[in-house]
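# Residue-level structural notes
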Amino acid sequence: MTPSAAMTDRKRTLIFINIIITVSAAAFMSTALTTALPAIMDSLSLTAAKGQWLTSGFSLVMAIMIPITAFLTTRIPTRPLYLVSIAVFIIGLGICATARSFGVMMVGRVIQACADGNLFAMGQIILLTIYPKERQGTVMGWFGLSFGVIPVVAPMLAGVIVDLLSWRMVFYIPIAIMVISLIYAVFVFDNVLETQPGRLDVLSFLLCAVAFGGVTLGLGNLSTLGLRHMQVWLPLALGVIASVFFTVRQLRTENPLLNLRVLRCRAFAICVVGSMLLYFITMACAVMLPIYVQSIVGASATVSAAVLLPGSLLMALISPFTGKLYDKTGVRALLIAGSLGTLLGSLGMVFVTVDTPLWVAAVLNTVRNGAIGCIMMPIVTWGISAIPERGAAAHGTAINNSLRTVAGAIGAAVLVGVMSAVAEHTQGNAAAASMRGVNVAFVIMSAIALVMLVCSLVMIRPEKSKKALDKVAEG
C-alpha cells in the first residue's frame, strides 16, 4: 500500500501545515539578509566585499548541498532526517543571532544553508508522496507560497524588522517559528519516504561540489568583476570541467549520487528547462528592478519595495488557485497563459524610460509575477509526477532545484553585466545610459519568455496535459 493510500486526510493535513511553516521560515532566511546586510556590516565593522559573503556564501553552500539531498532522503528515514534538519537550522540561526564577528556569522550561515536545501527538497518530495495525484496540483500550489513567494517578500519584511527592532531579530523571529515547528513535527511526522541501503559516493560528491559551487561562484562574480577576472573564469572553468566528469560518472555507475537518467523522461526534461528559464527571469528581475527604481530614478528603498510589493502579493494569491486549475485542466493551458503574461510584462519594460511613472513598472512587474505564479509550481508538479522510476522523485527534485539555482545565478549575473556593458557604451547622461542597459536586459528576458511560449504551444500536446496526472509523459 502506498503512503498516500495508507494515510488519513487529517494526518496529511497536519504534515502539510508543518512543512509550510518550516519551509516558509527557511525561505525567509534565504533572501532576508539582502536588506539587513547594511546594518550587520555596520554593527560588525565589515567591508562590503566581506559582508556580501553572508548572502553569496549562503547561496554557494546551498547550491553545493542540494544535490546530496537525493542521497539523504533515500538513505535516512524521513522523521529523523526532517527533525535533525530543523534542529540544525535552529543552531545556525542561533549562531548568527548572537555573533560578534564575521567568522562566527559566516559559520552560522553555512549551517543554515546546509539545512535549508534539505528542508526544501524534503518538503516537495513528502507532499508529492503522501497526496494522491488528483490532489497534488492544489497542494503544491499552496507549497508554492513558501517556496516561491516568501524569498521575494523577505527583503521587505527584513527591512521593516531592522528599522523597528534590530538586525538580530531577523534571526530571533525565525528561531521562535522553527522551535514551534520542531515541537509540532515531533508529534505529527512519520517515516513516509522509502529508503534503501547504500554508501555515499565521495568522489561524485566532490565533483558535484566543485561543479555547482564553481559555476555558482564564477557567475556570481561576473557582474562585478567581468569575464576576464580570475575570480570569474577560474571557478567557472573548474565548475564546467567538474560537471562533465560528474555527468559521465553518474551515467556509468549503478548507484549514482544524482540519477541523471530521469532526464530521459520527456515531461521531466521540459520541467527542468522551464524551471531554469523561469528562475533566470525571476532572479534577474529581482536584481534589475531595485537598480532601476533606486539607482536610475533616484527613489528611496521604501518606494522600491512599494513597486515590488503588488507583484509579490499577486504571486502569493495566485499560487493556490493555479494548483487547483492544474488538477482540472493540466499544465499546458497554464504554461501558455503564464508564458504570454511573462512576455508582455517583460516586453513592456523595454519601452520604459527614466521619465516613465513608477506605477507603470509596478503594473508590469505585477503582470509578470502573476504570470510566473501560473507556471512555477504546476510545471514542477507535472514534471516530478511524470518520472516513471520508483523512488526517483528525490533525484528529480534535487536535479531541478540545483539547476534552477544555477540558472537564477546566471540570470542575475549575466543580465546585470549586460546592463553595465550597454550603459558604458551608450552616450548621454548616466541615468539615461543605465536605463538603456535595463531596456536591453528586458529584451533578453522577453526573448526567453517568447521561447517558453513557443515551447508550450509546440512541445506539450493538449491530450497529454489533460492526463498528466494519470499517464507518464515520456518521449
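Residues numbered from 1 in each chain as written. Predicted model: local features only at pLDDT ≥ 70, side-chain atom pairs only at ≥ 80, totals over all residues. Heavy atoms only, no water.

## A look at the overall build of the protein
Note the following rule: Helix numbers and strand numbers start at the N terminus; a helix is a DSSP run of H or I with at least 4 residues, a strand a run of E with at least 2. Burial status follows relative accessibility: with a 1.4 Å probe on protein chains alone, a residue under 20% of its type maximum counts as buried, one over 50% as exposed, and anything between as partly exposed. Any two residues whose heavy atoms approach within 4.5 Å are treated as being in contact. Under the counting rule used here, the positive set is Lys and Arg, the negative set is Asp and Glu, and His together with the chain ends is not counted. A charge is said to be at NZ when it belongs to Lys, at CZ for Arg, at CG for Asp and at CD for Glu.
Along the protein, the regular secondary structure elements total 19 helices and 0 strands. Judged by the C-alpha coordinates and their principal axes, the protein covers about 70 × 55 × 45 Å. For the protein, buried positions account for 55% of its 475 residues. In the protein, the proportion of contacts linking residues at least 24 apart, taken out of those at least 6 apart, comes to 82%. Taking the 30 positively charged and 16 negatively charged side chains of the protein as two groups, their mean positions are separated by 3 Å.

## Some points on the environment of Val139
Relative to the helices and strands, Val139 resides in helix α9 (residues 133–164). Separated by 55 residues in sequence, Val139 and Val84 place their C-alpha atoms 24 Å apart. In contact with Val139, not counting residues within four places along its chain, are Phe16, Leu127 and Tyr131.

## Remarks on the packing of aromatic side chains
The geometry of an aromatic ring pair comes down to the distance between the two centres and the angle between the two planes. This is how it is decided: Stacked, tilted and edge-to-face pairs are distinguished by plane angle, under 30 degrees for stacked and over 60 for edge-to-face with tilted covering the rest, among Phe, Tyr and Trp rings (Trp via its six-membered ring) whose centres lie within 6.5 Å.
Applying the stated rule across the entire model yields 2 aromatic pairs. Centroid distance Tyr82 to Phe189: 4.1 Å. Interplanar angle 15 degrees. Geometry classified as stacked. On the criterion of sequence distance, the pair formed by Tyr82 in helix α7 (residues 78–97) and Phe189 in the loop between α10 (169–188) and α11 (202–225) is long-range, its members being 107 residues apart. Both residues of the pair, Tyr82 and Phe189, belong to the buried class. Between Trp167 and Phe171, the ring centres sit 6.2 Å apart and the planes meet at 85 degrees, which makes this aromatic pair edge-to-face.

## As for the nonpolar core
Test applied: In plain words, nonpolar cores are sets of buried Ala, Val, Leu, Ile, Met, Phe, Trp, Tyr and Cys residues tied together by side-chain atoms within 4.5 Å.
Val170 and Phe171 are the most contacted members of the largest nonpolar core, which has 142 residues in total. Among the elements that take part in this core, helix α13 (residues 266–296) stands out by supplying 16 residues, more than any other. In contact with Val170, not counting residues within four places along its chain, are Phe28, Met29, Ala32, Leu33, Ala36, Ala158, Ile161 and Val162.

## Structural notes on the packing of helix α15 (residues 332–350) against helix α18 (residues 430–459)
Note the threshold: Axis angles are defined between N-to-C directions and span 0 to 180 degrees, where every axis is a line fitted to C-alpha atoms and, for a helix, only to the segment in contact. Roughly parallel means an angle under 35 degrees; roughly antiparallel means over 145; roughly perpendicular covers 65 to 115; every other angle is labelled oblique. When the near helix sits turned anticlockwise from the far one by under a right angle, the crossing is termed left-handed; a clockwise turn instead gives a right-handed crossing.
At a closest axis distance of 8 Å, the pairing of α15 and α18 adopts a crossing angle of 160 degrees. The orientation of α15 with respect to α18, classified from their angle, is roughly antiparallel. Considering only the axes of α15 and α18, their crossing is left-handed. Taking contact as the criterion, the partners of Arg332, Leu335, Ile336, Ser339, Leu340, Thr342, Leu343, Ser346, Leu347, Met349 and Val350 in α15 are, on α18, Asn439, Phe442, Val443, Met445, Ser446, Ala449, Leu450, Met452, Leu453, Ser456 and Leu457.

## Focus on α13
What counts here: A helix is expected to reach a length of 1.5 Å times the quantity of its residues less one. Bend is the name given here to the angle between axes fitted to two runs of seven residues, the run ending at a residue and the run starting at it.
The terminal C-alpha atoms of α13, which comprises 31 residues, lie 43 Å apart, in line with the 45 Å expected from a rise of 1.5 Å per residue. The largest bend along α13 reaches roughly 25 degrees and is located at Cys285. Phi turns positive one or two residues past the end of α13, at Gly298, with a value near 90 degrees.

## Quick notes on α15
Residue pairs three or four apart in sequence face the same way in an α-helix, which turns once every 3.6 residues. Between its terminal C-alpha atoms α15 stretches 27 Å, which fits the 27 Å expected from 19 residues at 1.5 Å a residue. Listing the buried residues of α15 in full gives Arg332, Leu334, Leu335, Gly338, Ser339, Gly341, Thr342, Leu343, Gly345, Ser346, Met349 and Val350.

## Some points on the pattern of salt bridges
Condition: For salt bridges, the criterion is a side-chain nitrogen of Lys or Arg within 4 Å of an Asp or Glu carboxyl oxygen.
In the structure shown here, the tally under the stated rule is 1 salt bridge. For the salt bridge of Asp190 with Lys11, the shortest nitrogen-to-oxygen distance reads 3.3 Å. Here Asp190, found in the loop between α10 and α11, pairs with Lys11, found in helix α2 (residues 9–31); they are 179 residues apart in sequence, far enough to count as distant. By relative accessible area, Asp190 is classed as partly exposed at 35%.

## Details of the environment of Leu128
Structurally, the position occupied by Leu128 is in helix α8 (residues 102–130). Residue Leu128 is classed as buried on the basis of its relative accessible area, which comes to 12%. Discounting chain neighbours no more than four positions away, the residues touching Leu128 are Gln136, Met140, Thr381 and Ile384.

## Regarding a nonpolar patch on the surface
Spelled out, the test is: Grouping into patches uses exposed residues only, defined as over 30% relative accessible area, and leaves out salt-bridged ones; the cut-off is 9 Å for like charges and 5 Å for nonpolar side chains (Val, Leu, Ile, Met, Phe, Trp, Tyr). For the accessible areas, the method is Shrake-Rupley and the probe is 1.4 Å, while residue cover comes only from the protein chains on display.
Taken together, Ile17, Ile21, Val160, Leu164, Leu165, Ile173 and Ile177 make up a surface patch of nonpolar side chains, about 580 Å² in accessible area. At the level of elements, α2, α9 and α10 are the ones that each hand at least two residues to the nonpolar patch. Checked against the element boundaries, Leu165 lands in the loop between α9 and α10. In this structure Leu165 comes out as exposed when scored by relative accessible area, which is 53%.

## Digging into the environment of Arg75
Tracing the chain through its elements places Arg75 in helix α6 (residues 69–75). By relative accessible area, which is 18% here, Arg75 ends up buried. The spacing of Arg75 and Glu194 is 119 residues in sequence and 8.4 Å in space, taken between C-alpha atoms.

## Observations concerning the packing of α13 against helix α17 (residues 393–424)
Filter applied, for reference: Amino acids outside the nonpolar list (Ala, Val, Leu, Ile, Met, Phe, Trp, Tyr, Cys, Pro) and the charged list (Asp, Glu, Lys, Arg) are all regarded as polar, and Gly is one of them.
For the pair α13 and α17, the least separation of the axes is 7 Å and the interaxial angle reads 35 degrees. With respect to the hand of their crossing, α13 and α17 are arranged in right-handed fashion. A breakdown of the residues in the contact of α13 with α17 according to their chemical character gives 19 nonpolar, 5 polar and 1 charged.

## A few points about the side chain of Gln250
Note on placement: Gln250 falls in helix α12 (residues 230–252). Among residues more than four places away in sequence, those in contact with Gln250 are Ser204, Pro256, Leu257, Leu258, Leu260 and Arg261.

## Things to note about the state of the cysteines
Simply put, the disulfide is a covalent bond whose two ends are the sulfur atoms of two cysteines. We count it as follows: What counts as a disulfide here is a pair of cysteine sulfur atoms lying within 2.5 Å.
Taken as a whole, this structure holds 0 disulfides when the rule is applied. Cys208 carries a free sulfur, and the closest cysteine sulfur to it, the one in Cys114, is 13 Å from it. In this structure Cys208 comes out as buried when scored by relative accessible area, which is 0%.

## Comments concerning the confidence of the model for the protein
In plain terms, the rule: Each residue carries a pLDDT value, the predictor's own confidence for that position, ranging from 0 to 100.
Here the protein averages 81 in pLDDT, and 91% of its residues register 70 or above. Across residues 463–475 the pLDDT falls below 50, and counting only partners more than four positions away or on other chains, this stretch makes 25 contacts in the model.

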